[in-house]
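Coordinates in review
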Amino acid sequence: MGKWPLSRRQFLGISAGTLAAGAAGKATLLQPALLSAAPRPAPPSDTLRFASIGTGIRGCELLEATLRVPGIECVAVCDLYDARHIAAQEAVKKQVPATRNYHEILDRKDVDAVIVAVTDHQHRKVVEDACAAGKDVYCEKPMSHTVEDGFAMVAAVQKAKRIMQVGSQRVSSILYAKAKEIYDSGRLGDVYAIEAYWDRNSASGAWVYPIPPDASEQTIDWNAFLDGAPKRPFDPIRFFRWRCFEDYGEGLAGDLFVHLISGIHFITGTHRVAQRAQTAGGLFRWKDGRDFPDLIETFYDYPNFRVMVRCNLNNAGGEFIGFYGTKGTMILNEKTVSYSPQDTRPKPEDYSIYGWPLAAREQYLKEWAEQHPLPAPLDFKVDEETEVFALPPDYSDIPDHQAHFFDAVRTRKPTVENEEFGNHAAIGCHLANYAYFKKAIAVWDESGRKITSG
Ligand SMILES: NC(=O)c1ccc[n+]([C@@H]2O[C@H](COP(=O)([O-])OP(=O)(O)OC[C@H]3O[C@@H](n4cnc5c(N)ncnc54)[C@H](O)[C@@H]3O)[C@@H](O)[C@H]2O)c1
């Protein structure tokens, strides 16, 4: 990753919104690393061929992003809803074959890898089948719909010796790489407290998506959608707003916690599941028949630190992760990461001694000065010491994440966000929901690979 320093005025011009405090001592615009699936344009014989299974909102976004990754080619798309075949072809700007049946794609010998962006309750089935068919897999987050699904997927990937990458793209962001560099440098000191939130305040943010007028049992394979979930009559609300229902999604935990947890695991180098979780929350506003709360706050115990994660669909607070260390504070939001040192230089006690008699207080201060002969430091101006790193305005971490995946497909070196990483992050989501719905402390039983009540 490269960087070039900017004047404060230039920097504020670029990201005035994110630097509202205007207190930056040093501001740097991060330069995008030129990630690509091949170090130079790949010859046709070396082109990786992939297909996309699940071409809804995310599937199309991913397909569009693949156009920016050299050396790869989309050869087929699959979705249960016919209109999404057209949307996928438009996204990839090519009339690739489209099908409702993903087995047709897995049967093709010319497909090296698949992007799986189906609804969460179908991740396991599609990933297991893809691995068994010898395909490498980019699977959207959260990796699993249940704890059991996650371990079955890990086993399927490892048995078939496949490359797997899970889709929390922030793990490939140049912003998160900078945050990890700061964390690893030790400049934060010991970090015992981490706080993260992702708050939204809109119907779309609460998954109240409009139902397309042509949605029907003729245009959607409803029975295939219900595979792995209870049978019920056709219901377009459930098909298009599946995140609201526990049969198919995991609510805010699976949708947004997973990004925050993945980011925290990546930056701190955590390769495990939290030991336990306590959750508060409620459904206050979006009472449309959904199963999940619109406010959820979870406190996680990890061996060396504690993490608080919140998602609130009732205020547009945006995205935030704060690392609070003994030597410094690091704040990540959507476009910037900042580091502010703590003033840890020795100082005489200047608070509690005011409850001492004057003579004792003076004696204490005199002795302190004798033991610390250097002159008292000037007041430490933390604001001026703050460093801010910002993303360039048009940066997207989605092509970077895909490039990491396709690089791994070529080199056969495991991805950072592999099946184990994705499983750990997803279990964090399951712990949060378990604690919320059972009104209990969720305890992770590592050897039993299950959640129990504490
Ligand atoms: N990484 C991110 O930032 C991000 C953002 C949005 C969504 N996602 C994830 O992407 C996935 C898809 O979400 P979405 O918003 O695109 O949902 P969506 O409802 O828009 O699309 C899901 C599609 O999957 C299809 N599908 C389901 N089962 C299938 C099957 N067996 N075969 C073929 N197609 C099948 C459905 O027909 C539907 O069109 C989810 O796992 C979601 O959590 C990730």
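So, here's what we can say about the structure. The numbers attached to residues start from 1 for each chain and follow its sequence in the written order. Since the coordinates come from a predicted model, pLDDT governs what is reported: local features require at least 70, and pairs of side-chain atoms require 80 or more to be given and counted, while whole-chain, interface and lining totals use all residues. Just so you know, side-chain values use all the structure's heavy atoms and leave hydrogens and water out.

This brings us to the overall build of the chain. When helices and strands are tallied, the chain shows 14 helices and 18 strands. Computed over the C-alpha atoms, the radius of gyration of the chain is 25 Å, within 12% of the 22 Å expected from 2.2 N^0.38 for a compact globule of 454 residues. For the exposure calls, accessible area comes from a 1.4 Å probe over protein chains only, and a residue counts as buried if that area is under 20% of its type's maximum, exposed if over 50%, partly exposed in between. In the chain, buried positions account for 53% of the 454 residues. Of the accessible surface of the chain, which amounts to about 20900 Å², a share of 53% is contributed by carbon and sulfur atoms. Only DSSP runs of H or I reaching four residues or more are called helices, and only runs of E reaching two or more are called strands; each is numbered from the N terminus. The quantity called the radius of gyration is restricted to C-alpha atoms. Its globule counterpart is 2.2 Å times the number of residues to the power 0.38. Each accessible area is a Shrake-Rupley result for a 1.4 Å probe, and residues are judged covered by the shown protein chains and nothing else.

Attention shifts here to the site of the ligand. Neighbouring residues of the ligand: 27 residues in total, closest Arg58, Asp79, Arg84, Asp120 and Arg243. Definition of a polar contact: a pair of N or O atoms within 3.5 Å, with one able to donate and the other able to accept a hydrogen when the atoms are protein atoms, and with sequence-neighbouring residues admitted only if both atoms are side-chain atoms. Between the ligand and Arg84 there is a distance of 2.7 Å, counted from an oxygen atom to a side-chain nitrogen or oxygen. Here an oxygen atom of the ligand and a side-chain polar atom of Arg243 are 2.8 Å apart. In terms of residue count, helix 2 (residues 57-66) provides more of the shell around the ligand than any other element does, three residues in total. Any residue with a non-hydrogen atom lying within 4 Å of a molecule or strand is treated as near it.

Interhelical geometry of helix 10 (residues 251-268) versus helix 14 (residues 419-438) gives an angle of 130 degrees and a closest axis separation of 9 Å. One finds that helix 10 runs oblique with respect to helix 14. The interaxial crossing formed by helix 10 with helix 14 has right-handed handedness. From helix 10, Ala253, Gly254, Phe257, Val258, Ile261, Ser262, His265 and Phe266 reach across to helix 14, where they touch Phe421, His424, Ala425, Gly428, Cys429, Ala432 and Asn433. Residue classes follow a fixed rule: Ala, Val, Leu, Ile, Met, Phe, Trp, Tyr, Cys and Pro count as nonpolar, while Asp, Glu, Lys and Arg count as charged, and any other residue, Gly among them, counts as polar. For the contact of helix 10 with helix 14, the residue count by class is nine nonpolar, six polar and no charged. Axes here mean lines fitted to C-alpha atoms, for a helix over just the part in contact, with angles spanning 0 to 180 degrees between N-to-C directions. Under this scheme an angle from 65 to 115 degrees is roughly perpendicular, one under 35 degrees roughly parallel, and one over 145 degrees roughly antiparallel; angles in between are oblique. By the definition used in this description, the sense in which the near helix is turned from the far one sets the handedness, with an anticlockwise turn below a right angle giving left-handed and a clockwise turn giving right-handed. Working rule for contacts: check all heavy atoms of both residues, and any pair within 4.5 Å makes them a contact.

Once that is clear, we can look at the packing of aromatic side chains. For this analysis, a ring pair means two rings from Phe, Tyr or Trp (six-membered ring only for Trp) whose centres lie within 6.5 Å, classed as stacked if their planes differ by under 30 degrees, edge-to-face if by over 60, and tilted for the remaining angles. In the structure shown here, the tally under the stated rule is 19 aromatic pairs. Judged by centre distance (5.7 Å) and plane angle (65 degrees), the ring pair of Phe292 and Phe437 falls under edge-to-face. Residue Phe292 is found in the loop between strand 10 (276-282) and strand 11 (295-301), and its partner Phe437 is found in helix 14; the two are separated by 145 residues along the sequence. A relative accessible area of 2% places Phe292 in the buried class.

Right, let's get into the environment of Gly59. By the secondary structure assignment, Gly59 is in helix 2. Exposure remark for Gly59: the relative accessible area of 0% places this residue in the buried category. It is 9.3 Å that separates the C-alpha atoms of Gly59 and Arg84, two residues lying 25 residues apart in sequence.

This next bit is on the side chain of Thr386. Within the secondary structure layout, Thr386 lies in the loop between helix 12 (382-385) and strand 16 (387-390). A distance of 3.0 Å separates a polar atom in the side chain of Thr386 from a polar atom in the side chain of Ser340.

On to unusual backbone geometry, then. The omega angle of the peptide bond from Lys141 to Pro142 is -20 degrees, so this bond is cis rather than trans. In this fold, Pro142 is placed in the loop between strand 7 (136-139) and helix 6 (147-159).

This brings us to the pattern of salt bridges. Here a salt bridge means any side-chain nitrogen of Lys or Arg lying within 4 Å of a carboxyl oxygen belonging to Asp or Glu. One pass over the full model with this rule turns up 30 salt bridges. Ionic pairing is found between Glu73 and Arg49, a salt bridge with its closest N-O pair at 3.5 Å. Within this pair, whereas Glu73 is found in strand 4 (residues 72-78), its partner Arg49 is found in strand 3 (residues 48-53), the two being separated by 24 residues in sequence. Given a relative accessible area of 27%, Glu73 falls into the partly exposed group. Take Arg49: its relative accessible area is 26%, and that puts it in the partly exposed class. Between Arg200 and Asp255 there is a salt bridge, with the nearest N and O atoms lying 3.4 Å from each other. A residue pair is termed long-range when its members are at least 10 positions apart, and Arg200 in the loop between strand 9 (191-199) and helix 8 (222-226) and Asp255 in helix 10 qualify at 55 residues.

Only when DSSP finds a minimum of two bridges between them are two strands counted as paired. Here we have six strands laid out as an open sheet, ordered 5-4-3-6-7-8, and parallel in their pairing. The two strands at the open ends of the sheet, each matched to only one other strand, are strand 5 (98-99) and strand 8 (164-166). Strand direction decides the pairing type here: strand 7 and strand 8, joined by three bridges, are parallel. From the neighbouring strand, Tyr138 faces strand 8, where its bridge partner is Gln165.

Grouped together as the largest cluster of nonpolar side chains are 73 residues, with contacts concentrated most on Phe257, Tyr300, Phe323 and Leu431. Discounting residues that sit within four places of it in the chain, Phe323 has contacts with Tyr183, Leu188, Val191, Ala193, Ile194, Ile264, Ile267, Thr268, Gly328, Thr329, Met330 and Leu332. Working definition of a nonpolar core: buried Ala, Val, Leu, Ile, Met, Phe, Trp, Tyr and Cys residues. They are joined through side-chain atoms within 4.5 Å.

Before going further, it helps to spend a moment on the pairing of strand 6 (residues 113-116). Residues Ala113 and Ile115 of strand 6 are buried on one face, and the alternating residues Val114 and Val116, pointing to the opposite face, are buried as well. Here four bridges tie strand 3 to strand 6, and the two strands are oriented parallel to one another. Considered in strand 6, the bridge of Ala51 is made with Val114. Two elements, strand 6 and strand 7, share four bridges in a ladder whose sense is parallel. Bridging across to strand 7, Val114 finds its partner in Val137.

Among the seven residues of strand 12 (residues 306-312), five are classified as buried, and the element is accordingly described as predominantly covered. Across seven bridges, the pairing between strand 9 and strand 12 is parallel. Bridging across to strand 12, Glu195 finds its partner in Met308. Sheet analysis places strand 11 next to strand 12, joined by seven bridges and oriented antiparallel. If you follow Phe299 over to strand 12, its bridge partner there is Met308. As consecutive antiparallel partners, strand 11 and strand 12 are separated by four residues.

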